Amino acid sequence: MTTALEKPRRLLPRWRDYGRPRELVVRYLLLFLVLGITVGPLVWQFLASLKSTSEDVFGADATLLPRDPTLRAYREVFSQVPVATYIRNSMIVVILSITSQLLFSTTAGYMLSKPGWKGRKAVWVVLVASMMFPFESIMVSLFLSIRDLGLVDSVVGVWLPGFVGAINVLLMRGAFLAVPREIEDSGMLDGANEWQRFRYLYLPSAWGAIMVVVVNTFISAWDDFLWPLIVLRSEDHMTLTLGLSRLQSSSFGYDTRVVMAGSVISVVPVLVLFVITQRWFYRGVSAGAVKL
């Protein structure tokens, strides 16, 4: 029971709860600096794509905001290149990549989280070692393998080298290791077999890590440029990132505004996916880091 002499409890946080005012100002300045570096180029591209032909994109007379906004550049993109075909091909690659990544990374991560079987450490070492080699070091051998399989100039040839990633396997392993052992013991007492424990106990507990795998796979498959450039030949099989790069060729009458519009079109699906899944994404990153 409070008395009249007692001071009322402060409901609003004090400045010292967040640190000194000077430290708080420095913290926000750094945050705005990072925000400007990461988001600034995308905002500039979008504003430049809205400029008319009478406005300069570069130079001393160029302004950040368009004086006469127009969607002409976006109409030019759809009229110059078959954007719908590119999006279809990219979506095929993305769907195949997400399906194979989820199937193999979850099962492989589950097995690596289980102790007691021979060769577990050897598989772990191979996975970690494979992450040390850059893609450029195996690019030629991958292309020769795809060529021998007859998959050059096909979306399957674009997808196959990335059907599973070591980082996703390790991420799922960390998420499964974070599941308490008592949960599996209770499932075994209830008569659940290995598949049932994996399906109904482990997968729901690793939902956040699964979303991280989905987002990372979507971004890598959607934004990939180098490997499609090597494998694909015909326009009917080009992905969106590779196809939109043709806007920079002189055959289309190079226009910076049109190129910027193409870049914005390619980024929009990634932003939409991240906005939808950001809650599970951040939760999965922290969960997958446990015992990784």
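Quick summary incoming for the structure in this document.

What counts as what
- Residues numbered from 1 in each chain as written.
- Predicted model: local features only at pLDDT ≥ 70, side-chain atom pairs only at ≥ 80, totals over all residues.
- Heavy atoms only, no water.
- Core = buried A, V, L, I, M, F, W, Y, C linked by side-chain atoms within 4.5 Å.
- Buried < 20%, exposed > 50% of the residue type's maximum accessible area, 1.4 Å probe, protein only.
- Helix = DSSP H or I, 4+ residues; strand = E, 2+ residues; numbered from the N terminus.
- Expected span 1.5 Å × (residues − 1).
- Axes fitted to C-alpha atoms, helices over the stretch in contact; angles between N-to-C directions.
- Parallel < 35°, antiparallel > 145°, perpendicular 65-115°, else oblique.
- Left-handed = near helix turned anticlockwise from the far one by under 90°.
- Contact = heavy atoms within 4.5 Å.
- Phe/Tyr/Trp six-rings, centres within 6.5 Å; stacked < 30°, edge-to-face > 60°.
- Lys NZ or Arg CZ within 6 Å of the ring centre and 35° of its normal.

### Brief notes about the nonpolar core
Inference 1: Ranked by size, the top nonpolar core spans 48 residues in total, and within it V77, V81, M172, F176, F218 and L247 carry the most contacts.
Inference 2: With 8 residues, the top contributor of residues to this core is helix 11 (residues 207-223).
Inference 3: With 5 residues, the next largest nonpolar core counts L112, A166, V169 and L170 among its residues.

### Comments concerning helix 8 (residues 166-177)
Inference 1: Given a rise of 1.5 Å per residue, 12 residues ought to cover 16 Å, and the 17 Å separating the end C-alpha atoms of helix 8 matches this to within 8%.
Inference 2: When you tally the buried positions in helix 8, you get 10 out of 12 residues, the bulk of the element.
Inference 3: Residues of helix 8 that are buried include every one of A166, N168, V169, L170, L171, M172, R173, G174, A175 and F176, and no others.

### Looking at the packing of helix 9 (residues 181-189) against helix 10 (residues 194-205)
Inference 1: Running from amino to carboxyl end, helix 9 crosses helix 10 at an angle of 140°, the nearest separation of the two axes being 10 Å. With respect to helix 10, the element helix 9 is oriented oblique. Crossing of helix 9 against helix 10: the hand is right-handed. From helix 9, I183, E184, G187 and M188 reach across to helix 10, where they touch R197, L201 and Y202.

### Focus on the packing of aromatic side chains
Inference 1: Enumeration according to the criterion identifies 10 aromatic pairs in this entry.
Inference 2: When the centroid spacing of 5.1 Å and the interplanar angle of 75° are considered together, the rings of Y110 and Y202 count as edge-to-face. A residue pair is termed long-range when its members are at least 10 positions apart, and Y110 in helix 4 (residues 83-112) and Y202 in helix 10 qualify at 92 residues. For the pair Y110 and Y202, one class covers both residues: buried.
Inference 3: An aromatic cluster of three or more residues is present, and its members are Y110, F176, W195, F198 and Y202.
Inference 4: One Lys or Arg, R173, reaches over the ring of W124 and ends 4.2 Å from the middle of that ring.
Inference 5: The aromatic ring of Y200 is capped on one face by R199, whose charged end is 5.0 Å from the ring centroid.

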